[in-house]
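Chains, contacts and geometry: an overview
So the chains spell out like this:
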Amino acid sequence: MNYFSSEFKLGILGGGQLGKMLLYETRKLDIHTKVLDPSDEAPSRIACNEFFKGDLMNFDAVYALGKKVDVLTIEIENVNLDALEKLEDEGLKVFPPTRALRIIQNKAKQKLFYVDNNIPTADFQRFAYKSEIEDSFANGGLKFPFIWKATQFGYDGQGVKVVRKLEDLNGLPAGECITEEMINFKNEIAVIVARSASGEVKTYPVVEMEFHPEANQVEYVICPARIDAKIAEKAQEIALQLSNKIKHVGLLAVEMFQTQDDRILVNEVAPRPHNSGHYSIEASYTNQFEQHIRAILDLPLGNTASKVAGIMVNLVGAEGHTGNVVYENIEEILSMDGVTPHIYGKKQTRPFRKMGHVTIVNNDIKEARKIAEQVKNTIKVISE
């Protein structure tokens, strides 16, 4: 099929920053795009060929977009799966396939899938209602501390909480959830696996993630991860094993823990471009967004190796600031070598909202990490 400068139409469910960065690549290749998002202010709106406003969880809105395109993909997994299934039944190519999304969209199903397929993961329990956790604790079935996770609709640290005492459950959603054993880990790492529609598979290098202690959000993504080569190899093997079992098409970002005794445990996965792969825009031969397009259109996958060490710093809204966004000191970071800011196009900031990211590339990972710290301490995302 001719995808380029042709009648071909690619649909994308979700118009956030991931969609916007996917659209850099479709514009580069002149692929016609149609995007569905509930917000008039969606970052993707400026970059797609046609924009449709609609709820991603609404059957009719998702189905209607699917009927206007030749291939449909996602930039967020919280979408109406019944509509996708009907579209697939009617012959539309939907990537990742709905059966993979059904597993991934619900964290309890995701964890059960790991257990069924011998994928190492932290011990967990599943609860239909949050109130059942208290009963389990009273009967000795649970011990503090543990991690509480809503099974659906969590993102960027939302829907996840460390529970050290019963009062910590107050104010959390009452519905289905899981609790996980709290892992004493050395490192949080991630591997992105690309799989094309005809089954070609490639992995990106292992990255290491440094987290903000309070917001439960990634502060730095470091590539390559500063870990032993054997551990990196083991992480890539597990990510590949998971990719083979789940049979996604496109990208699969596999987040993992390296434990104190050097076991690798899968934390969770995302079937789309991912925060842990943003460094690749500047640092890799083929960035994750281009790779996702190649995979879903069944084009040859690109080289996943890095040209240079890369570190990504998330730009999130400063505490105490809500309203029209101002990027303070952006000129200062632009004067630093190897520093590239990406501004997502969200006009309104609020505390810890993801507003952009900055990539730092350098031949020396230690130097890159030093500059990343300078960047983090210099640029501020505040309100007017």
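Refer to the structure above for everything that follows.
Report follows, based on the coordinates. (Residues numbered from 1 in each chain as written. Predicted model: local features only at pLDDT ≥ 70, side-chain atom pairs only at ≥ 80, totals over all residues. Heavy atoms only, no water.)

With respect to the environment of Lys307
Its location among the elements puts Lys307 in the loop between helix 9 (288–296) and strand 16 (309–316). Residues Lys307 and Asn377, 70 residues apart in the sequence, show an inter-C-alpha distance of 26 Å. Excluding residues within four positions of it along the chain, Lys307 makes contact with Glu282, Ala283, Ser284 and Tyr285. (Helix = DSSP H or I, 4+ residues; strand = E, 2+ residues; numbered from the N terminus. Contact = heavy atoms within 4.5 Å.)

Some points on the nonpolar core
Counting 24 residues, the largest nonpolar core has Val206, Leu242, Val254, Met256, Val266 and Val269 as the members making the most contacts within it. The element that contributes the greatest number of residues to this core is helix 7 (residues 229–246), accounting for 7 residues. What Val254 contacts, discounting residues up to four positions off in sequence, is Ile189, Ala190, Val191, Ala239, Leu242, Val266, Glu268 and Val269. With 22 residues, the next largest nonpolar core counts Met21, Val35, Ala47 and Val249 among its residues. (Core = buried A, V, L, I, M, F, W, Y, C linked by side-chain atoms within 4.5 Å. Buried < 20%, exposed > 50% of the residue type's maximum accessible area, 1.4 Å probe, protein only.)

Overview of the pattern of salt bridges
What the rule picks out here adds up to 24 salt bridges. Between Asp168 and Lys165 there is a salt bridge, with the nearest N and O atoms lying 3.0 Å from each other. Within this structure, Glu208, Glu210, Arg226, Arg369 and Glu373 form a network of salt bridges that share partners. (Salt bridge = Lys/Arg side-chain N within 4 Å of Asp/Glu carboxyl O.)

Describing helix 5 (residues 107–116)
All of the buried residues along helix 5 are Lys107, Ala108, Gln110, Lys111, Phe113 and Tyr114. Buried residues along helix 5 sit in contact with helix 4 (98–105), strand 6 (124–127), strand 7 (146–150), strand 9 (177–181), helix 7 and strand 15 (264–270). In this structure Asn106 caps helix 5, since a side-chain oxygen of it lies 2.9 Å from the backbone nitrogen of Ala108. Once helix 5 ends, the next one or two residues include Asn118, with phi positive near 55 degrees. (Polar contact = N/O pair within 3.5 Å; in protein donor to acceptor, adjacent residues only side chain to side chain.)

Comments concerning the layout of surface pockets
One number sums up the size of the second largest pocket: a volume of about 270 Å³. Along the wall of the second largest pocket there are 16 residues; nearest its centre are Asn314, Val316, Gly317, Ala318 and Lys376. Elements that contribute at least two residues to the lining of the second largest pocket include exactly strand 13 (218–223), strand 16 and strand 21 (380–383). A breakdown of the residues in the lining of the second largest pocket according to their chemical character gives 8 nonpolar, 4 polar and 4 charged. (1 Å grid on protein atoms, 1.4 Å probe; cavity = no way out; pocket = protein on both sides within 12 Å on 5 of 7 lines; lining within 4 Å. Points joined across faces, edges and corners; volume = space filled by probe spheres on them. Nonpolar A, V, L, I, M, F, W, Y, C, P; charged D, E, K, R; others polar.)

A word on the packing of helix 2 (residues 59–66) against helix 3 (residues 81–89)
Helix packing for two helices is described by the angle between their axes and how far apart those axes are. Close contact between helix 2 and helix 3 brings their axes to 8 Å; oriented N to C, the two are set at 30 degrees. Looking at the two axes, helix 2 sits roughly parallel to helix 3. The way helix 2 lies across helix 3 gives a crossing that is right-handed. Residues Phe59, Val62, Tyr63 and Gly66 of helix 2 pack against Asp82, Ala83, Leu84, Lys86 and Leu87 of helix 3. Class assignment for the residues of the contact of helix 2 with helix 3 results in 6 nonpolar, 1 polar and 2 charged. (Axes fitted to C-alpha atoms, helices over the stretch in contact; angles between N-to-C directions. Parallel < 35°, antiparallel > 145°, perpendicular 65-115°, else oblique. Left-handed = near helix turned anticlockwise from the far one by under 90°.)

Observations regarding the sheet that holds strand 1 (residues 9–13)
Spatially, 3-2-1-4-5 is the arrangement adopted by the 5 strands of the open sheet, whose pairing is parallel. Of all the strands in the sheet, just strand 3 (50–53) and strand 5 (93–94) have a single pairing partner and so form its edges. Of the pairings in the sheet, the one linking strand 2 (residues 32–37) to strand 3 comprises 4 bridges and is parallel in character. Across the sheet, residue Val35 finds its bridge partner in strand 3, namely Phe51. Strands in contact with helix 9 are strand 1 and strand 4 (71–74); relative to strand 4, the strand with the most contacts, it is inclined by about 145 degrees. (Pairing = 2+ DSSP bridges.)

So, unusual backbone geometry
Cis geometry marks the peptide bond from Phe95 to Pro96; its omega dihedral reads 0 degrees. Tracing the backbone shows Pro96 in the loop between strand 5 and helix 4. Here the amide bond leading from Phe144 into Pro145 is cis, since omega sits at -15 degrees, within 30 degrees of zero. With respect to the secondary-structure elements, Pro145 resides in the loop between helix 6 (131–138) and strand 7. Notably, Asn118 is not glycine yet its phi reads approximately 55 degrees, a positive angle. Within the element layout of this structure, Asn118 appears in the loop between helix 5 and strand 6. In this model, Asp298 sits at a positive phi of 60 degrees, which is unusual for a non-glycine residue. Note on placement: Asp298 falls in the loop between helix 9 and strand 16. According to the relative accessible area criterion, Asp298 is partly exposed, its value standing at 36%.

Purely geometric stuff here, so don't read any function into it on its own.
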